[in-house]
Amino acid sequence: MGAQLRVYKRRIKSVTATKKITKAMEMIAASRVVKAQRKVQASTPYATELTRAVTAVATGANDKHPLTTEAENPTRAAVLLLSSDRGLAGAFNSNAIKAAEQLIKRLEGEGKEADVYVVGRRGIAHFNFRERKLAGTWAGFTDEPSYADAKKVGEPLIEAIEKATAEGGVDELHIVYTEFVSMMTQTAVEARLLPLSLDEVAKEAGESDTLRPLYDFEPSAEDVLDALLPRYVESRIYNALLQSSASKHAATRRAMKSATDNAGDLINNLSRLANAARQAEITQEISEIVGGTAALADATAGSDK
């Protein structure tokens, strides 16, 4: 019984140490998700106003801009997946990767070749393990992304959309990320960034289909689009990076809280087993003492006769 009790005590000590770690990680994630959520809220007004400007320019342009024009027979698309650099976040990465795989499968079903770009070590490892060629990868900034990171990610994507498919360019640009809905809900979503769908962009910006402002452009609407659309893509990527960051921290907080609660339950169960083992040990010791006393008494009584 003594050996079994020692095993229980070692396990209780080990689980208690793990509980302290998961509790600390839960508190760190809780503080980070608040900061990330504030950044998401702060980036929304800029993204909204920029979207309105792009919509106005694209609507008022006489000539269709390449970045707002649907290809007659699109054959190639770029897919940008936003994952995280670290794990311990429940199903956060697996849900985003699953959504990306479904999007790629759908595009290939439509006869389009998919060029995959990935942000985050978890997503990169997923595709590398399956020996799938990646058009671009970035890592190291998913916990606290900056606008410079979004610009770095957006540059090769903008270059790809501006090139002809015969030269290695793409006809469409899609993004897959995790949208932060609340502390308890984060949803993997996919959206097409380019070519722009003016109706969808106007809806996101809150513009009416019938009442849209009219502008005069200087030097030209096409030149303005050339300047605005890269900023539009960068702002959308930046917002998606912030959404994914906030979602990852929320998922980590929830996963670590669950792990902490499970560790507490396991400690309680092990404590009960340790107490039972200790009680059994004490009972055995008492039985041995009583048995020894009875044997000694019998021996003494026999010698008296």
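Per-chain numbering applies: the sequence of each chain, read as written, is numbered from 1 onward. Local features are withheld for residues below a pLDDT of 70 in this predicted model, meaning they are given only at 70 or higher, and side-chain atom pairs are given and counted only at 80 or more; totals for whole chains, interfaces and linings count all residues. Heavy atoms from the whole structure form the basis of all side-chain values; hydrogens and water molecules are not counted.

- The name given to the chain in an unreviewed UniProt entry is ATP synthase gamma chain, and the organism recorded there is Streptomyces omiyaensis.
- UniProt positions are given in the numbering used here, feature names are shortened, and annotations may be inferred rather than shown by experiment. Reading the Function (unreviewed entry) entry of the UniProt record for the chain gives the comment "Produces ATP from ADP in the presence of a proton gradient across the membrane. The gamma chain is believed to be important in regulating ATPase activity and the flow of protons through the CF(0) complex."
- The UniProt entry for the chain carries this comment under Sequence similarities (unreviewed entry): "Belongs to the ATPase gamma chain family."

1. Details of the pairing of strand 1 (residues 76-82)
Moving residue by residue along a regular strand, the side chains alternate between the two faces of the sheet.
For step 1, the next point in the chain: Counted residue by residue, strand 1 has 7 buried out of 7 residues, so it is predominantly covered.
For step 2, the next point in the chain: Each pair of strands is called paired provided DSSP finds at least two bridges between the two strands. Secondary structure elements follow DSSP: runs of H or I no shorter than four residues count as helices, runs of E no shorter than two count as strands, and numbering proceeds from the N terminus. Across 7 bridges, strand 1 lies against strand 2 (residues 113-119) in parallel orientation. If you follow Ala77 over to strand 2, its bridge partner there is Ala114.
For step 3, the next point in the chain: By definition, the crossover connecting two strands over a helix is right-handed if that path, from the first strand to the second, turns clockwise as seen with the strands pointing away from the viewer. Handedness of the strand 1-helix 2 (residues 92-109)-strand 2 crossover: right-handed.
For step 4, the next point in the chain: Sheet topology places strand 1 next to strand 4 (residues 172-180); 5 bridges connect them, and they run parallel. When the sheet's bridge partners are listed, Ala77 is paired in strand 4 with Glu172. For every residue, the accessible area (1.4 Å probe, protein chains only) is compared with the maximum for its type, and the residue is labelled buried under 20%, exposed over 50%, or partly exposed between those bounds.

2. So, the side chain of Glu234
For step 1, the next point in the chain: Following the sequence through the fold, Glu234 ends up in helix 6 (residues 221-304).
For step 2, the next point in the chain: By relative accessible area, which is 3% here, Glu234 ends up buried.
For step 3, the next point in the chain: Between two residues, a contact is recorded if the distance between any of their heavy atoms is within 4.5 Å. With near-sequence residues (within four places) excluded, Glu234 lies in contact with Tyr147, Ala150, Lys151 and Ile158.

3. Here's the deal with the packing of helix 2 against helix 3 (residues 121-129)
For step 1, the next point in the chain: Here the axes come from fitting lines to C-alpha atoms, over the contacting stretch only for helices, and the angles between their N-to-C directions go from 0 to 180 degrees. For the pair helix 2 and helix 3, the least separation of the axes is 10 Å and the interaxial angle reads 50°. Between helix 2 and helix 3, the interaxial angle falls into the category oblique. In this structure, helix 2 meets helix 3 at a crossing whose hand is right-handed. Contact residues: Asn93, Ile97, Glu101 and Ile104 in helix 2; Arg122, Gly123, His126 and Phe127 in helix 3.
For step 2, the next point in the chain: Under the scheme applied here, ten amino acids are nonpolar (Ala, Val, Leu, Ile, Met, Phe, Trp, Tyr, Cys and Pro), four are charged (Asp, Glu, Lys and Arg), and all others, including Gly, are polar. Of the residues belonging to the contact of helix 2 with helix 3, the class tally is 3 nonpolar, 3 polar and 2 charged. An angle counts as roughly parallel when it lies under 35 degrees, as roughly antiparallel when it exceeds 145, as roughly perpendicular when it falls between 65 and 115, and as oblique in every other case. Left-handed is the label given to a crossing in which the near helix is rotated counterclockwise from the far helix by less than a right angle, and right-handed is the label when the rotation is clockwise.

4. Topic: helix 2
Think of an α-helix as 3.6 residues a turn; residues three or four steps apart then line up on the same face.
For step 1, the next point in the chain: Residue count minus one, scaled by 1.5 Å, sets the expected span of a helix. Compared with an ideal rise of 1.5 Å per residue, which puts 18 residues at 26 Å, helix 2 spans 26 Å between its outermost C-alpha atoms and is within 8% of the ideal.
For step 2, the next point in the chain: Those residues of helix 2 not exposed but buried are Phe92, Asn93, Ala96, Ile97, Ala99, Ala100, Leu103, Ile104 and Leu107. The arc enclosing the buried residues of helix 2, seen along the axis, measures out at 160°, which places them on a common side. Among the exposed residues of helix 2, those pointing more than 90 degrees away from its buried face are Lys98, Lys105 and Gly109.
For step 3, the next point in the chain: Phi for Gly111, located one or two positions after helix 2, is positive at around 85°. The arc in question is the one spanned by the directions pointing from the helix axis to the C-beta atoms.

5. Here's the deal with the packing of aromatic side chains
For step 1, the next point in the chain: To pair, rings of Phe, Tyr and Trp, with the six-membered ring standing in for Trp, must have centres within 6.5 Å; the planes then decide the type, stacked if under 30 degrees apart, edge-to-face if over 60, and tilted in the middle. One pass over the structure, following the stated rule, counts 2 aromatic pairs.
For step 2, the next point in the chain: Aromatic pair Tyr117 and Trp138: ring centres 6.2 Å apart, planes at 15°, arrangement stacked. Here Tyr117 is found in strand 2, whereas its partner Trp138 is found in strand 3 (residues 136-138), with 21 residues between them in sequence.
For step 3, the next point in the chain: Among the residues examined, Tyr117 registers a relative accessible area of 7% and is labelled buried.
For step 4, the next point in the chain: With relative accessibility at 11%, the residue Trp138 sits in the buried group.
For step 5, the next point in the chain: Arranged with centres 5.4 Å apart and planes meeting at 70°, the rings of Tyr147 and Tyr238 form a pair that is edge-to-face. Of this pair, Tyr147 sits in helix 4 (residues 147-162) while Tyr238 sits in helix 6; the two residues are 91 residues apart in sequence, bridging distant segments of the chain.
For step 6, the next point in the chain: The exposure class assigned to Tyr147 is partly exposed, which follows from its relative accessible area of 28%.
For step 7, the next point in the chain: Taking the relative accessible area as the measure of exposure, Tyr238 reaches 17% and is therefore buried.

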